[in-house]
Amino acid sequence: MSSKPFKIAIVGCGPKGLYAFERLLAELKATPIHRTVSIYLFNKTKFWGSGDVYRSDQPKYLLMNFSNKHIQLWTKESPKAVIDLPMNLSEYLAKINQKIKEKLDPLFSSRAVVGEYLENGFEQLCQNLPDNVSINQLISEVNSIKKNAGSYSISFKQQEGVFQINDFQNILICTGHQGRREKVRRAQVDFIYPIEKQLKNITKNDSVAIKGMGLTFIDAALALTEGKGGKFSATKAGGLTYKASGNEPKCMFPFSTSGCLMWPKYSFEDSQHLYIKNLTPYPFKKLNFKNDILPLLEQDMELAYYKTLFTHENESLNFHSNYDVVRCHIKNFHQKYPKYKAFAAKHFFEPEFNSGKSVHQTIVTGLSDYTDPKKLKIEDQAKLRAGAIWRKISPVFNELYAFNGLDAKSHKDFDKYYFKKLNRIAYGPPPVNLRKILALAHAGYIDFQYAKNPEVFPFEKGYKLKSSTSETHCSVLIDARIPKNDIAKEASGLYKNLCKNLLSRPYINMHGKTTYEPGSVEINKKGNLINTEGHKENISLYGTPTEGIVHDNDTLSRTRNNFATPWAQEVMNQLMNSQHENKQQLTKTIATTK
């Protein structure tokens, strides 16, 4: 048996690192290995298993956009987990709070509570290590990996300086969204997490511009109001009012290219068959998103829209393999019920602003219409169900998108345009968070008048926002967008150094003379890095670093783009082979001495 431990590293120990750690321990416990195994875990903070997004010290008002029943740390894969009683989030909360699980299932927990659940899972794993396994936890940021004589060295930064550990046999990288290397002005916040630290210097004397109107904008707006001591209270009509603390900034001005907020995420149950499932990739040709996929996506959305209206009128509309039959039923429906607006996909992707109202009033009216389930009009519910169908389509689409499934141009079109449009209508916040945004708008702390693509430029010690009719000065600009993968701009420099050290190369989708680089490094279908010579390394990626190669990793999903399981299996094969080689070498040595 080798006296040297077999060294493995997991770089990034948020949810994806936790999932990989769980699978690795399960494999190690299930397989008779005699060699000592040393697992090194690298994480930028002390929040093992949760990472920055789900860290347990964040404010409780930052809510999930998935209900409790959908959050599950443990998997049903074989081999089974090393702990005895794995529980999903609802079961975990029912046990510690002595509540009934079924009543907790539909609720939206805070991200901090989910963080506690993940961190508890990590602790359970650490308490159930196989006998031959040790772990080393390093709070640090990895910035470089090099290869030397078949093994790898990892360089990392801690408060005391830069250090290096050698002789790793296999490495998994599952860093989450990284900040950018760009220089920012003093009046700019380029990344809001951890939220209390990043936004603590914004005061009641500031006016704040917020770039981006997605989930991160909502987090920022609540941190600057509820997080400053303000209170929301329910009205008799079912809405919310906001009582200020006096510590809020003067006003917040959110804006984006489209000027549109995300739609609220209702838990619609639907067994609708999907037309997109009938699409199979061409054997010798890549798919084109607009020509091959978008028409089927629009049919699925249209069917969901009209099924809602048909049901409301006690009519029946079912899936039919020939969509012309469905169109015929829809035509007859409109003749019978002319009061309903016809489905138009373009209004989902590019909503029209009411020319008779200000931008601010148009957005506020939309919030009022969509956020109260008791007052939800049937046409608005039909729109929300049509948008929500993307959540069901997304896993199917991933099979078509992954690993150059789309031609280069439509790959770029989807990433740059359709991805955010579809996320906006399908993966929004729980309705209560948008009711809070509405209350803040009514209270004067959010102003949407510059929401739709204003001019933005530095002005004096802050920034100026300018629309076609007015302008305003803000002392602070918050970038409330989550940065996409970008090798050149990623803050730690890790991926740039992987390329520099010849261990990886940029991922490029090539189609004829057209190329597209989504900003990721290349991997094979098991997640292994492909080096500059086109060969695989014993370094794998999982989660955010694979975006652009696969679609929509879903941070908390155990099944979506699951590179953890093949990685753990590959490590075990490598470990078994090394044990066999050591045994052969030992036998040879004994024979020689005789």
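Small disclaimer: the values here were computed from a predicted structure and weren't measured. (Residues numbered from 1 in each chain as written. Predicted model: local features only at pLDDT ≥ 70, side-chain atom pairs only at ≥ 80, totals over all residues. Heavy atoms only, no water.)

Caption draft 1: Spotlight on the overall build of the chain. When helices and strands are counted, the chain shows 16 helices and 19 strands. Here the C-alpha atoms of the chain give a radius of gyration of 26 Å, agreeing with the 25 Å that 2.2 N^0.38 yields for 594 residues. For the chain, the spread of C-alpha atoms along the three principal axes comes to 95 × 60 × 60 Å. Taking all contacts inside the chain whose residues are at least 6 apart in sequence as the whole, residues at least 24 apart take part in 75%. Counting only carbon and sulfur atoms, one obtains 49% of the accessible surface of the chain, whose full area is about 28,200 Å². For the chain, the separation between the mean place of its 82 positive charges and that of its 58 negative charges on side chains is 2 Å. (Helix = DSSP H or I, 4+ residues; strand = E, 2+ residues; numbered from the N terminus. Rg over C-alpha atoms; globule rule 2.2 N^0.38 Å. Contact = heavy atoms within 4.5 Å. Areas by Shrake-Rupley, 256 points an atom, 1.4 Å probe, with all protein chains shown as cover. Lys, Arg positive; Asp, Glu negative; His and termini not counted. Charge placed at Lys NZ, Arg CZ, Asp CG, Glu CD.)

Caption draft 2: Quick peek at the environment of Thr241. Positionally, Thr241 belongs in strand E10 (residues 240-243). With ten residues separating them along the chain, Thr241 and Lys231 place their C-alpha atoms 8.3 Å apart. Apart from residues no more than four positions distant in its own chain, Thr241 is found in contact with Lys231, Phe232, Ser233, Thr235 and Ala439.

Caption draft 3: Spatial organisation of unusual backbone geometry. Pro79 follows Ser78 through a cis peptide bond whose omega is 0°. Inspection of the secondary structure puts Pro79 in the loop between helix H2 (51-54) and helix H3 (89-97). For the bond from Tyr193 to Pro194, the omega torsion is -5°, close enough to zero to count as cis. Along the chain, Pro194 falls in the loop between strand E7 (188-189) and helix H6 (195-198). Phi at Phe403 takes a positive value of approximately 50°, unusual for a residue other than glycine. Note that Phe403 resides in the loop between helix H12 (378-401) and helix H13 (408-426). We classify Phe403 as partly exposed; its relative accessible area is 22%. (Buried < 20%, exposed > 50% of the residue type's maximum accessible area, 1.4 Å probe, protein only.)

Caption draft 4: Quick peek at the pattern of salt bridges. Per the stated rule, a full pass over the model turns up 20 salt bridges. Put simply, Glu313 and Lys339 hold a salt bridge, and the shortest N to O gap is 3.5 Å. Here Glu313 is found in the loop between helix H8 (289-312) and helix H9 (323-336), whereas its partner Lys339 is found in the loop between H9 and helix H10 (346-349), with 26 residues between them in sequence. Take Glu313: its relative accessible area is 17%, and that puts it in the buried class. Take Lys339: its relative accessible area is 58%, and that puts it in the exposed class. Across the pair Asp479 and Arg481 runs a salt bridge, and its minimum N-O distance is 2.8 Å. (Salt bridge = Lys/Arg side-chain N within 4 Å of Asp/Glu carboxyl O.)

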